Amino acid sequence: MLFFSGSMKTPVLLCVLLFSQSWAFEFIVDGEWESETSGPLDQYHQSGRYRRDVLTSGEDDFEAIQGNDVTVKSYKVESRITSRFAHTTVKSSVVNSGPDAQSIGFNVQIPKRAFINNFTMNVNGITFVGSVKEKTVARNLYAQARARGKAAGIVRANSQAMETFRTEVHVPPGSKVEFELHYQEMMQRKLGVYQHTLHLQPGRLVPLMQVDVYIFEPKGIRFVTSTNTMGEQFADSTKISHTKDKAHVAFKPTLQQQRKCENCTESAVDGVFVVQYDVERESNAGELQVSDGHFVQFFAPSDLSPLSKNIVFVIDVSGSMWGLKMKQMVEAMKAILDDLSMDDYFSIIDFNHNVRCWSEDLVQASSIQVDEAKKYVQSIKPSGGTNINEALLKAVQMLVRASNQGLIDPRSVSMIILVSDGDPTVGEIKLSTIQKNVKRVMREEFSLFSLGIGFDVDFDFLERIAMDNRGVAQRIFANHDAAEQLKTFYSQVSSPLLRSITIHFPENTANNVTQNRFDKFFSGSELIVAGKLQPSDLTTLQSFTTASAANMDLNIQTEADIGELDSVLGTHSHSFTGFARQMWAYITVNQLMAERSLAPTASKKRRITQRIVALAVEHQFVTPLTAMLVEGEDQGRPERLIADSPKDSKHGCCSATAPLSGRPPVQQMVYSNPPWVLPTAAPTPGQVVRPIPDHIISVDNDPHFIVHLPKNNMDVCFNIDSKPGHILNLISDPGTGVTINGQLVGSKKMKNNKLNTYFGTISIYSKKDGAQVIVGTDRIELREGRNSHSFSWGATAELVLNRMKITIVKEQHVTVTINGRISAMVLLHRVWKKHPVQVDFLGIYMSNDNKYSAQVHGLIGQFAREPNVKVYDVHDGADPKKKEATMEVKGNKLAVTRGWQKDYRRDKKRGSDVYCWFIHNSGKGLIDGSYTSYILPRLDSFLTSV
């Protein structure tokens, strides 16, 4: 049995125990880490320091297949990515074609965040199959192997994002060996892209070399690309096929294409194969998927205005930063400072044995201040020791002082960005004490991000202190592109869109939910929450998301059919049907690992360890606490290989990781509308149909105005025949500062020599709030000053923007209420996209109970002062179904027709009849002046005169 232990984030020592008459397996040593015999908490409590891993050798000799006189029959890589979860299989078939027994190496570069979940070998007909077990058993086998003096190997970091799995098999001449490694990982969205990276470096020509990446995203794939890093000769070797929800990226170079030159025997396949893609997002509500008794909620809103930032940059300028590191730091900081906006506040602290502040207080990021800061950074000369403790405490004090003085916008995001390349050597040097000091003074609304430059830095410490304070840590590799790495990291956190995000589910529908409370959401990233379904008769699952944006609070509802996705997955041959189950386990294990690393007591650490082991064994993940046993049998004799890692990982994967238990309960949201806003679905059999309320004014269809006159106990109607593009004023009330306007859109072509017009856009603007809601047939946009937020019709949501409350009911209607006094509902009408004449359009409905000022006017607003109306001389007309009469109103005698218009609130397809007296000629005589007086230049315009 072969024993793999440790996640891809930790080194894994490999050794061999095999008894065979003719051949043997063995692993080779290639690079080593400092030994570490005690667990992380033991080290922490005993010395106050975290022992650091130090890489001591390079990885320049990496080849996927190693050995002399080895014939590689095939090398295949297949990745199946389903809903951002990737299952990758690497297979190779090789033959020892030399005259002597020799070792054949099989090496695979694996992403650090991935978990190995299977490894098999077939050697001369003997198959070794892997399974994940508890680690204690394997450690005993490891000790036996060491006692027998067998060779050891290593899985270790060699680049920024990859680690190397290494194995060697010693086989007789003519032996055929087949290797197969499986690993799984969750795709992380960064800067609007998911990136899947495969390392291809076979080291020799391969007759059958093939890479296949299959992507299935149920909601659709927005784009998919592949980056060629291996030279122009492979430019046409990658083929991408792409449908709405599926993509296949294939790389299959011929033997001739693989050659470095026409007659060369060396392979030109040497580099990374990168696939990038993003998914379609119908709305800012996110995407809820249910499969195999599990669910995953993806949340990646866009079209929101960024929150303002308060940033303190804490920069290590000790002597070790001299030279290239400092040059790259200055280059990166200048670019980062240029990226700050006028709404941001910042300062810079640089430290060696002393701590200096560029400014003792946060300053606005004006062009003048930014230029001064860049000059300051440019002038820094590294020297001296490293006083991290005092620098971080100074940064927190700066943010606390600004907050206490009311200088920090409560909706802004406050963060400290620490950049260091070494251990503390001055002041407080005990890492545990520094961590406690910072935690004690740091407020809940602040976050700490740590960037560690190079391998000399104690990255364990930087990661712990960041995780402890709602941030993340990242290692910056000290090479030629360190400045780009710094700028890339900053770009990931430079545009926060939301604060205080919570994603929750109705009671008794879900359990074992992963982290569902997040401190911040940054543009281009994604929040993911997973869980298990509770047994029930429900056919749909709902999720509810609450968050705070730049100028409003959001409550968003998402739902998914419980059985729909499984039926779809069953029809796709290359989808990963177990994605939801494995993704839930993957997230849970990583969050538990992060929680374990911060466990305050040994007993709590043991309880968390038990949960991790149980999950990893159930879901077959090789973690720092579990191991993979690979075993086979030849003629009844067990053949075994063993590997073990004596080192525990201290790494987590998730930002702002919260404990998985003890969360305060979150109440389900209730979306409320004014009582006159009726459901728009058609009544079901047996349903009691309530009468349509009388006190409603509406404009719908072509556009038909229906005005209820309560004192006269009648409804009057008129049409407006205007042109597409014209903006008509409905409500103009300078007293309350509210104006409601509608912009017309025309049908696709004329019908009966007439081009019908409809409202395609409705604008509701509150001048006192400086806020405007623009409802279109595609999106709903909210504006306040320079802030702008956009939502689609694809989800139910409730938004609070100053005194305005906006309720979106999915694909139905939007209700806007201002200060609880003025309310309007905009109704969405969808038509068949290929309809030869009609287009999507909007209707608007308002209550007679709206509280306007005495200054209100507009095509609808003028009727807040109800005119006296007299109807007489009712007689039969040309149409026997429509009576005709004379109406006296506003000093005018009008010929009117008794007919009906439609109220579509209850039934958008057929509508409900509203009988009214119809005024011809675009309401002439009923409305003040001509309808042309109500045409305005902009959607937020008020009437000036009629």
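Computed from a prediction, not measured in an experiment: that's the story for all the values here.

Basis of the calculations
- All chains use their own residue numbering, which begins from 1 and follows the written sequence.
- Where local features are concerned, this predicted model is filtered to residues with pLDDT of at least 70; where side-chain atom pairs are given and counted, the filter is 80 or more; whole-chain, interface and lining totals use all residues.
- Heavy atoms from the whole structure form the basis of all side-chain values; hydrogens and water molecules are not counted.
- For the purposes of this entry, the term helix denotes a DSSP run of H or I that reaches at least four residues, the term strand denotes a run of E that reaches at least two, and both are numbered from the N terminus.
- Only protein chains enter the area calculation, which uses a 1.4 Å probe; residues under 20% of their type maximum are buried, those over 50% are exposed, and those in between are partly exposed.
- Contact definition: two residues touch when any of their heavy atoms are within 4.5 Å.
- Accessible areas in this description were obtained via Shrake-Rupley with a 1.4 Å probe; residue shielding takes into account the shown protein chains only.
- A helix's residues, less one, multiplied by 1.5 Å, set its expected span.
- Residue-level confidence of the predictor is what pLDDT reports, using numbers from 0 through 100.
- Any two strands with at least two DSSP-identified bridges between them are counted as paired.
- Angles run from 0 to 180 degrees between N-to-C directions of axes, and those axes are lines fitted to C-alpha atoms, restricted for helices to the stretch in contact.
- The labels follow the angle: roughly parallel below 35 degrees, roughly antiparallel above 145, roughly perpendicular from 65 to 115, and oblique for the rest.
- In the scheme used here, Gly and all other residues not listed as nonpolar or charged are polar, with Ala, Val, Leu, Ile, Met, Phe, Trp, Tyr, Cys and Pro taken as nonpolar and Asp, Glu, Lys and Arg as charged.
- Aromatic contacts are taken between Phe, Tyr and Trp rings whose centres are within 6.5 Å, Trp giving its six-membered ring; a plane angle under 30 degrees counts as stacked, one over 60 as edge-to-face, and the others as tilted.
- Here the nonpolar core consists of buried residues drawn from Ala, Val, Leu, Ile, Met, Phe, Trp, Tyr and Cys, with membership extended through side-chain atoms lying within 4.5 Å.

Colleague: Explanation requested: the overall build of the protein in the structure shown.
Modeller: Counting its regular elements, the protein contains 13 helices and 56 strands. Residues counted as buried form 59% of the 946 residues belonging to the protein. Long-range pairs, those at least 24 residues apart, make up 70% of the contacts in the protein between residues at least 6 apart in sequence. Put simply, the protein shows about 38200 Å² of open surface, and 48% of that area lies on carbon and sulfur atoms.

Colleague: Looking at this model, I keep getting lost on helix α4 (residues 324-339). Mind explaining?
Modeller: For the α-helix, the turn length of 3.6 residues means that residues three or four positions removed from each other point alike. Spanning 16 residues, α4 covers 23 Å between terminal C-alpha atoms, matching the ideal 22 Å at 1.5 Å per step. Buried residues of α4: K325, M326, Q328, M329, V330, A332, M333, I336 and L337, and no others.

Colleague: Looking at this structure, I do not really get the confidence of the model for the protein. What am I missing?
Modeller: Predicted coordinates in regions of low pLDDT should not be interpreted in detail. Of all residues in the protein, 84% attain a pLDDT of 70 or more, and the chain-wide mean is 83. This model gives residues 7-60 a pLDDT under 50, and the stretch forms 201 contacts once residues within four places in sequence are excluded. This model gives residues 682-691 a pLDDT under 50, and the stretch forms 10 contacts once residues within four places in sequence are excluded.

Colleague: Even after reading the chapter, I still don't get the pairing of strand β27 (residues 446-453), so can you show me in this structure?
Modeller: A regular strand places its side chains so that they alternate between the two faces of the sheet. Burial analysis of β27 places eight of its eight residues in the buried class, the great majority of the element. Because side chains alternate across β27, one face comprises the buried residues F446, L448, S450 and G452, and the other comprises S447, F449, L451 and I453, equally buried. Relative to β27, strand β26 (residues 413-420) is paired through seven bridges, and the arrangement is parallel. Bridging from a neighbouring strand, S420 pairs with G452 of β27.

Colleague: Looking at this structure, how should I read the sheet that holds strand β21 (residues 294-299)?
Modeller: Strand pairing within a sheet occurs via backbone hydrogen bonds; the two strands may be parallel or antiparallel. Read across the open sheet, the four strands follow the order β20-β21-β32-β30; overall the sheet is antiparallel. If you trace the sheet from one side to the other, it starts and ends with β20 (287-291) and β30 (510-511), each paired once. Summarising the sheet, β30 and strand β32 (residues 527-533) pair through two bridges and their orientation is antiparallel. Along β32, the bridge assignment pairs N511 with K532.

Colleague: What am I meant to see in the packing of helix α6 (residues 388-404) against helix α7 (residues 431-441) here?
Modeller: Two quantities define a packed helix pair, namely the angle between the axes and the distance from one axis to the other. Running from N to C, α6 and α7 point in directions that differ by 5°, and their axes come no closer than 10 Å. When the axis of α6 is compared with that of α7, the two are roughly parallel. Note on element contacts: α7 touches α6 through I434, N437, V438 and V441, opposite N389, L392, L393, V396 and V400. Of the residues in the contact of α6 with α7, the class split is seven nonpolar, two polar and no charged.

Colleague: I would appreciate a short explanation of the packing of aromatic side chains in the present structure.
Modeller: Where two aromatic rings form a pair, the distance of their centres and the angle of their planes describe that pair. A full pass over the atoms with the stated rule returns 22 aromatic pairs. When the centroid spacing of 5.2 Å and the interplanar angle of 20° are considered together, the rings of F346 and W358 count as stacked. Of the two residues, F346 is situated in strand β23 (residues 345-351) and W358 in the loop between β24 (355-357) and β25 (363-364); the sequence distance between them amounts to 12 residues. Each member of the pair, F346 together with W358, is buried.

Colleague: Please clarify how the sheet that holds strand β16 (residues 221-227) should be interpreted in this entry.
Modeller: Taking strand neighbours across the sheet as the criterion, the four strands line up as β13-β14-β19-β16 in an open arrangement whose pairing is antiparallel. This sheet does not close on itself; its edge strands, each paired only once, are β13 (189-190) and β16. Across two bridges, the pairing between β13 and strand β14 (residues 193-200) is antiparallel. Bridging from a neighbouring strand, R189 pairs with Y194 of β14.

Colleague: Would you mind showing me how to read the nonpolar core here?
Modeller: Within soluble globular proteins, side chains that are nonpolar tend to cluster in buried spots. Among the nonpolar cores identified, the biggest contains 88 residues, and L498, I740 and I806 are the most heavily contacted of them. Apart from the residues within four sequence positions on either side, I806 is in contact with V773, L782, A797, E798, L799, L801, V814, T815 and V816. Formed by 53 residues, the second largest nonpolar core is a distinct cluster that contains I81, M121, Y183 and Y277.

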